[in-house]
Amino acid sequence: MYTFAHIIAEQNQGCWSAWFRDRPQTVCGGEDWAHAVAILIDVHGSPKMDWEQIRAVDGMTREGHAEFVIPYTRSWHYPITGTGN
């Protein structure tokens, strides 16, 4: 089962702000939504977030407002076995 971080980005007077839905007090700003979201993840995100899998939430994205989900990577550990020759 995947777990996701939910990010909200809003435009206000030409600037964009982004925050995690469960941490609205942690806000980062940027020139556009992508810049604000990238700074938020870089500064307050987790290294376990899979940035390449970020997706917009359909129906929650409109002019001046965007919402995204980003999954956390799974932490699978495989045993290392020797070749035994």
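Rules and cut-offs
Residues numbered from 1 in each chain as written. Predicted model: local features only at pLDDT ≥ 70, side-chain atom pairs only at ≥ 80, totals over all residues. Heavy atoms only, no water. Helix = DSSP H or I, 4+ residues; strand = E, 2+ residues; numbered from the N terminus. Contact = heavy atoms within 4.5 Å. Areas by Shrake-Rupley, 256 points an atom, 1.4 Å probe, with all protein chains shown as cover. Polar contact = N/O pair within 3.5 Å; in protein donor to acceptor, adjacent residues only side chain to side chain. Expected span 1.5 Å × (residues − 1). Buried < 20%, exposed > 50% of the residue type's maximum accessible area, 1.4 Å probe, protein only. Pairing = 2+ DSSP bridges. Phe/Tyr/Trp six-rings, centres within 6.5 Å; stacked < 30°, edge-to-face > 60°.

> Provide a residue-level description of the overall build of the protein chain, including the pertinent values.
Helix and strand counts for the protein chain come out as one helix and five strands. Within the protein chain, contacts between residues at least 6 apart in sequence are counted, and of these 39% link residues at least 24 apart. About 6300 Å² of surface is accessible on the protein chain, with carbon and sulfur atoms providing 52% of the total.

> Give me the side chain of His 6: which residues, what numbers.
Mapped onto the elements of the fold, His 6 is located in strand β1 (residues 4-12). At 2.6 Å, the side chain of His 6 and the side chain of Glu 67 are in polar contact. When neighbours within four sequence positions are excluded, His 6 is seen to be in contact with Trp 19, Phe 20, Arg 21, Val 57, Glu 67, Phe 68 and Val 69.

> So what's going on with helix α1 (residues 33-44)? Which residues, and what values?
The periodicity of an α-helix, 3.6 residues per turn, causes residues three or four places apart in sequence to face the same way. Over its 12 residues, α1 runs 16 Å from end to end, which matches the ideal 16 Å to within 8%, given 1.5 Å per residue. The secondary structure elements touched by the buried residues of α1 are β1, β2 (15-20), β3 (23-30) and β5 (65-71). Looking at where α1 begins, the residue whose side-chain oxygen comes 3.3 Å from the main-chain nitrogen of Ala 34 is Asp 32.

> I'd like to hear about the environment of Thr 73, residue by residue, with values.
Looking at the element boundaries, Thr 73 is found in the segment after β5. Taking the relative accessible area as the measure of exposure, Thr 73 reaches 37% and is therefore partly exposed. With 20 residues separating them along the chain, Thr 73 and Gln 53 place their C-alpha atoms 9.6 Å apart. Leaving out residues up to four positions away in the same chain, Thr 73 has contacts with Lys 48 and Asp 50.

> I'd like a rundown of the pairing of β2, residues and numbers included.
Across six bridges, the pairing between β1 and β2 is antiparallel. The residue of β2 that forms the bridge with Gln 11 is Trp 16. Connecting β1 to the next strand, β2, in antiparallel fashion are two residues, including Gln 13 with a positive phi near 55°. The hairpin turn running from β2 into β3, its antiparallel successor, is two residues long.

> Give me the packing of aromatic side chains: which residues, what numbers.
Tallying each qualifying case throughout the model produces one aromatic pair. Here Trp 33 and Phe 68 contribute two aromatic rings whose centre-to-centre distance is 4.8 Å and whose plane-to-plane angle is 25°, an arrangement assigned as stacked. With Trp 33 in helix α1 and Phe 68 in strand β5, this residue pair connects regions lying 35 residues apart in the sequence. Exposure remark for Trp 33: the relative accessible area of 39% places this residue in the partly exposed category. Phe 68 gets classed as buried once you look at its relative accessible area, which sits at 6%.

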